[in-house]
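Analysis of the macromolecular model
What follows is each chain in one-letter form.
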Amino acid sequence: GSELERAVGIFEALSAGAKKPIKVPKRRQKKGEKKPHLFVALLSDTHSSEVVDPVECPLAGPDGHNAAIGEARMREYFRSVALLWREQSESFEIPTIVLALAGDFMVNSLMHDDSSSEFAPMEEVQFVFQMLREGVEYLLEQTDADLLIPTVFGNHGRITPKQYHSRAASVSAEHLVYEMLAATITDKRVTWDVRPQIIKTLEVEGVKILLTHGDRTSGMGGGGFGVGGLTIPFRKAISRWNANEGGIGVALIGHFHTPTVVSGHPAGFINGSLVGATPYSQGMEIHRPQQWCFLVDLERLEVGRILPVWVD
């Protein structure tokens, strides 16, 4: 009997303890202390002047897409980036925005006859230049951050029928836009990285970032990836880059118009597009117009908050 009574007593004591609320001790944070973070904004595949007929492509929505819509979406992107930076700056110390320009801002229907643009090629160069210039100047006005702007060119901006592997930047109208921007926006808060590279790495506050458009990424061409979509081939690509480049923290690509995140270390982001559905993409997985922003915790050197940017 005494054994049973002892067991009942233990059970009652445990039950009483379980009813008490669990208290998690608060970390004491010094007044005004904010953890340092890096803010990364990825911008690519805007196809800003592309004409998509809503009758031909109903998935594009009732208005389809044209240069006016493309321009409005680009403005909304920069407005959202500034807003997100201000919101996150209330919690974290974020002195730098990395604005990664990853290509295919142009349509260039002269070389890509499966797409249509409202502009002739040189008019489109001027259009893209003006939109990006206004966007960068907007970030300077609306934030207190320094801007680091690395660039890679996409496949739509080339002025040759086939891709060049050597001196590829020399035949890219998009790379010319980047050079023009760097020569025009000379504010001390802006650092440009327009090195003419297909795969670019840069180190910021101890974080090694790899940036490439994605069209020349081995193992990721052609679509039809089956279960898991782009995730598995992207993971393999990140592993190769990590081995070749020596310890990257995050890899950024565009081209596939398919917002995808690979977590872990290194992490990876495949960007969406701003054009949305097109006749070319109708048989594929359709995504609403979206881009990525995210924070990197500079104490952990790992990706923290992930912030999708929708513009439609």
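Look up: the structure comes first, before these words.
Residues numbered from 1 in each chain as written. Predicted model: local features only at pLDDT ≥ 70, side-chain atom pairs only at ≥ 80, totals over all residues. Heavy atoms only, no water.

**Things to note about the sheet that holds strand β9 (residues 260-262)**
Strand order in the open sheet made by the five strands is β6-β7-β8-β10-β9, with mixed pairing throughout. The two strands at the open ends of the sheet, each matched to only one other strand, are β6 (199-204) and β9. Ignoring strand direction, the axes of neighbouring strands in this sheet form an average angle of 15°. Direction of pairing for β9 relative to strand β10 (residues 267-270): antiparallel, over a ladder of three bridges. Its bridge partner lying in β10, T260 is registered against I270. (Pairing = 2+ DSSP bridges. Helix = DSSP H or I, 4+ residues; strand = E, 2+ residues; numbered from the N terminus. Axes fitted to C-alpha atoms, helices over the stretch in contact; angles between N-to-C directions.)

**So, the packing of helix α3 (residues 121-142) against helix α4 (residues 173-184)**
Where α3 contacts α4, the two axes come as close as 10 Å, and the packing angle between them is 40°. Our classification of the angle between α3 and α4 gives oblique. α3 and α4 meet at a crossing whose hand is right-handed. Contact residues: V125, V128, F129, L132 and R133 in α3; A173, V177, M180, L181 and T184 in α4. (Parallel < 35°, antiparallel > 145°, perpendicular 65-115°, else oblique. Left-handed = near helix turned anticlockwise from the far one by under 90°. Contact = heavy atoms within 4.5 Å.)

**Details of the pairing of strand β4 (residues 146-150)**
Burial runs high along β4: four of the five residues are buried. Pairing analysis gives three bridges linking strand β3 (residues 96-101) to β4, with the strands arranged parallel. Residue V98 lies in a different strand from β4, and its bridge partner there is L148. In this structure, β4 lies alongside strand β5 (residues 190-193), joined through four bridges in parallel fashion. By the bridge assignment, L147 is partnered in β5 with V190. Traced from β4 through α4 to β5, the parallel crossover comes out right-handed. (Buried < 20%, exposed > 50% of the residue type's maximum accessible area, 1.4 Å probe, protein only. Right-handed = clockwise from strand over helix to strand, strands pointing away.)

**Description of unusual backbone geometry**
Backbone torsion omega between H265 and P266 reads 5°, so that peptide bond is classified as cis. Note that P266 resides in the loop between β9 and β10. The residue H47 is not glycine, and still its phi comes out positive at about 45°. Topologically, H47 is positioned in the loop between β1 (35-43) and α2 (67-89). Given the relative accessible area of 5%, H47 is considered buried.

**A word on α3**
Three- or four-residue spacings in an α-helix give side chains the same orientation, since the helix completes a turn every 3.6 residues. With 22 residues, α3 extends 32 Å from end C-alpha to end C-alpha; this agrees with the ideal 32 Å at 1.5 Å per step. Buried within α3 are the following residues: E124, V125, F127, V128, F129, M131, L132, G135, V136, L139 and L140. If you follow the buried residues of α3, they end up packed against β1, α2, β3, β4, α4 and β5. (Expected span 1.5 Å × (residues − 1).)

**Quick look at helix α5 (residues 231-245)**
Helix length check: α5, at 15 residues, gives a terminal C-alpha distance of 20 Å against a target of 21 Å (1.5 Å per residue), a fit within 8%. Among the residues of α5, P233, F234, A237, I238 and W241 are the ones counted as buried. The arc that holds every buried residue of α5, seen down its axis, measures 140°, which confines them to one face. Residues K236 and A243 are exposed on α5 and point more than 90 degrees away from its buried face. Residues of α5 that are buried in the fold lie against β6, β7 (207-212), β8 (250-253), β9 and β10. Where α5 terminates, the next one or two residues include G246, which has phi positive at roughly 80°. (Arc of directions from axis to C-beta.)

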